[in-house]
Each structure stands twice: as structure tokens, then as C-alpha cells.
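Analysis of the macromolecular model
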Amino acid sequence: MTDSTAAPGGPDLGGFIAGLPKAELHVHHVGSASPRIVAELASRHPDSAVPDDPDALREYFTFRDFAHFIDVYLSVVDLIRDAEDVRLLTFEVARDMARQRVRYAELTITPYSSVRRGIPAQAFMEAIEDARKAAETEFSTVLRWCFDIPGEAGLESAEVTTELVERHAPQGLVSFGLGGPEIGVPRPQFKPYFDRARALGLRSVPHSGETTGPESVWDALRDLGAERIGHGTSAVRDPRLLAHLAEHRIPLEVCPTSNVATRAVASLEEHPIRQMVDAGVLVTVNSDDPPMFGTDLNTEYAVAARLLDLDAKGVADLAKNAVEASFQTEEAKTALREEIDAYTAGWTG
Ligand SMILES: [Zn+2]
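Just so it is clear, the structure is predicted and the values come from calculations on it, not from any experiment.

Bringing unusual backbone geometry into the picture now. In this model, His231 sits at a positive phi of 80°, which is unusual for a non-glycine residue. The residue His231 is located in strand S7 (residues 229–231) in this model. On the basis of neighbour counts, which here come to 26 C-beta atoms within 10 Å, the residue His231 falls in the buried class. Its identity as a non-glycine residue notwithstanding, Arg263 has a phi of 70°, on the positive side. Assignment of secondary structure puts Arg263 in the loop between helix H12 (256–261) and helix H13 (273–278).

Residues given the UniProt feature "domain: Adenosine deaminase" (unreviewed entry) here are residues 21–342. In the segment residues 21–342, helix accounts for 52% and strand for 14%; the C-alpha atoms at its two ends are 10 Å apart.

Moving on: the sheet that holds strand S8 (residues 252–254). Read from one edge to the other, the open sheet built from four strands follows the order S6-S7-S8-S9, with strand pairing classed as parallel. Across the chains shown, the open sheet's two edge strands, defined by having one partner strand only, are strand S6 (207–208) and strand S9 (283–285). In the sheet, S8 pairs with S9 via three bridges, with the strands oriented parallel. Note that in S9 the partner of Leu252 across the bridge is Val283.

We now examine the sheet that holds strand S3 (residues 142–150). Taken in spatial order, the five strands make up an open sheet running S1-S2-S3-S4-S5, and their pairing is parallel. Looking along the sheet, the strands with just one partner apiece sit at the ends: strand S1 (22–28) and strand S5 (203–204). Sheet analysis places S1 next to strand S2 (residues 102–109), joined by five bridges and oriented parallel. Within S2, the residue paired with Lys22 across the bridge is Val102. The strands touched by helix H8 (residues 154–168) within the sheet are S3 and strand S4 (173–179), with S3 carrying the most contacts at an inclination of about 145°.

Turning to the packing of helix H2 (residues 35–44) against helix H5 (residues 83–99), a few remarks are in order. For the pair H2 and H5, interaxial distance at closest approach is 10 Å and the crossing angle is 165°. It follows that H2 is roughly antiparallel to H5 by the angle criterion. When you trace H2 past H5, the crossing you get is right-handed. Contacts between H2 and H5 involve Ile37, Glu40, Leu41 and Arg44 from the former and Asp85, Leu88, Leu89, Glu92 and Val93 from the latter. Considered class by class, the residues forming the contact of H2 with H5 number five nonpolar, no polar and four charged.

A few words on the nonpolar core. With 97 residues, the main nonpolar core has Tyr301 and Val315 as its most contacted residues. It is helix H15 (residues 312–325) that provides the largest number of residues to this core, a total of eight residues. Those residues in contact with Tyr301 that lie beyond four places of it in its chain are Ile17, Val285, Val315 and Leu318.

Before going further, it helps to examine helix H11 (residues 239–247). Along H11, the residues that are buried comprise Leu241, Leu242 and Leu245. Each buried residue of H11 lies within a common arc of 100° when the element is viewed along its axis, so the set occupies one face. Those residues of H11 that are exposed and aimed more than 90 degrees away from the buried face are Pro239, Arg240 and Glu247. Tucked into the core, H11 has its buried residues touching helix H10 (214–224) and S8.

What follows concerns the packing of H2 against helix H3 (residues 54–61). The relative placement of two packed helices comes down to the angle between their axes together with the axis-to-axis distance. Following both chains from N to C, one finds H2 and H3 inclined at 120°, their axes separated by 9 Å at the closest point. Judged by the inter-axis angle, H2 sits oblique to H3. Once H2 is placed against H3, the crossing between them reads as right-handed. On H3, the residues that touch Pro35, Arg36, Val38 and Ala39 of H2 are Pro54, Leu57, Arg58 and Phe61.

The rules behind the values
Residues numbered from 1 in each chain as written. Predicted model: local features only at pLDDT ≥ 70, side-chain atom pairs only at ≥ 80, totals over all residues. Helix = DSSP H or I, 4+ residues; strand = E, 2+ residues; numbered from the N terminus. Buried ≥ 20, exposed ≤ 12 C-beta atoms within 10 Å, placed from the backbone. UniProt positions renumbered as here; feature names shortened; annotations may be inferred. Pairing = 2+ DSSP bridges. Contact = placed C-beta atoms within 7 Å. Axes fitted to C-alpha atoms, helices over the stretch in contact; angles between N-to-C directions. Parallel < 35°, antiparallel > 145°, perpendicular 65-115°, else oblique. Left-handed = near helix turned anticlockwise from the far one by under 90°. Nonpolar A, V, L, I, M, F, W, Y, C, P; charged D, E, K, R; others polar. Core = buried A, V, L, I, M, F, W, Y, C linked by C-beta atoms within 7 Å. Arc of directions from axis to C-beta.

Right under this line is the structure:
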């Protein structure tokens, strides 16, 4: 994917992207564990099957296909066994983000998996909050949480996740999501849980329209009150839906490399991001499960720049879309926009 940095706007657009202050809105907690982080976790649990040598891990992580991604993902899940693992993972993910100049991130966390594995809910919340505060102090990267229901685990996981929100909501929690496979997991059945989370002030950000058709995006809008759509790749098959998203400023969280990895789209060249933009939809670019899909947020911006023929100014506008679509305060949004503008004005590349 290195050739994607040679996008229109100059060969050093990659350099511009690397230093550009960014917001990341669709990225998963366990799915962000890089080989470096997994090596640290594996060394805490020598009985695990996962190698703790970073070189061996890089090989282990080299993305082959979706089944391989699931294997890697589950083996990392198996390394998250206690609150210290949770704290370490979260803080080190923030370090990797800061290195890419991510200034604000809404990290999707699936607390159900950890609580089910025996980590006490309160200890889990304290671990992520410790990491959040430390990351803000040490890296100036602001983290917020989206707690998501793992759709494949059924309504029991929805109930547990909602109860965790009701009884243990950490300070950094801003939104409520729904992940996992979409096929065979209709969105409407989760309405009561989204109603409860939204009643507590959480914003609704379900995955939909990634591997299913546009009707699942309509379901997410109607039944789950979606305020942003995770992926929404298939929305382009329904012009009325695209118009609705554009009119109501409901952003799409687009993750190009992930969409190819999961076969939601056949190739980057066929990614419908341009149709989304042309329809006037607020498009944000995100990385999903970056190390496991062999990518990072900067690479996703370079991919989007290539697919949309963007120059530095266009890329900066894309970064500002993510600021607009984020759940920060207006003051924080203004500050980050100003940071983006100052960086762009000073860019001489
Ligand atoms: Zn996702």
C-alpha cells in the first residue's frame, strides 16, 4: 500500500498526512493491538500460544484473509485476562495513535468479552479510565469510548452491555454501538437496548450496511436512532438513502482497507467512497482494526486521497469532516479545526 502515498497533490502528500492532526471515529480496542503491544501482552502470559517475539509476531500478523484475521483477533482476545492487560492495551493503543498524530479518538470497546472472561466490571472501567487520563497527559491524545454489543453473542450480550452502561458507565463513555457479523443478526432486535443507552445520553453508532444491503442502514436509522453509521458501504445502492444521509448530516465511518479485507467491496478501486462524497454525504475516514488489516489511519487517508483525487487542502477537509462528525464539545471541535488549519497553512511540502 506504500504506492498509495504518491497521490495527486505531490509525492509528499504522505508526509502531510503523517503530521496532520486527526480524529479517528471507527477503531476497535482489541483490533488496534499492534505486534508491539501483543508482544507485551504475550510476555505477561507465557502459557499463551501467541509468540512474544516481535519479529515472529509481525509474520503472525501479516494479513492473509478474513479467516486469518479472526484467528489473530481471537488469540489477542485470549491475552486480555486481567485489568492490567486492559490498561496496558488501552494506553499503548493511544501511544500508537499519537505517533500518527491522532489527537482525538472514539475507541470502540466490547466490555462484554472482558467481563464474561472474569474481569470485574468496576476494575475494567478503572483500567480504561486510568489509560485514558494517562494518554491525555502523556500524549495529548484525547480518548472517548463507544461500548458496543457483539452482535454474534446475541441478546444476552446486549443485556449485559446495557447493564454495564447503566451501572458502571465510565466518564469517557460517549456512545453505544453494535458490531460483529450483520448477516443473520437483524438490527431491529437491539432497539430496546439502544433505547436504554440513548436515554442515558449516549449517542447511537451501530455498524450497518457493511456486509448487508441498504435496508440494514434504514433499520439502524429507524430502530436504533443511528447518528453515525459504521461503514454503510451498501448505502450507495439506494439513492434515496444517500439523499437522506446527506440531508440529515448523518456521517458514514468509511474504512476502505477493512472493506476490502472483509470483502464488503472487491477492491480499493471499486470502493464507493467517491459516490458517497458526490452525493453530499459527510464522509469520514477510519481504520477499523488497523494492524490486523495491515494498515493504519495515515494509510487510510492516503488511500482516500488517491480515490478522491485530493490535494493537501482536500485531505485537511477530510480530517475536518471527522471533527464535525465526532462527539466532542463545540469548543474542542473548534480547537482541533484550528490546529488542522494552522498545520495546513504552515505546510510547505
Ligand atoms: Zn468496525
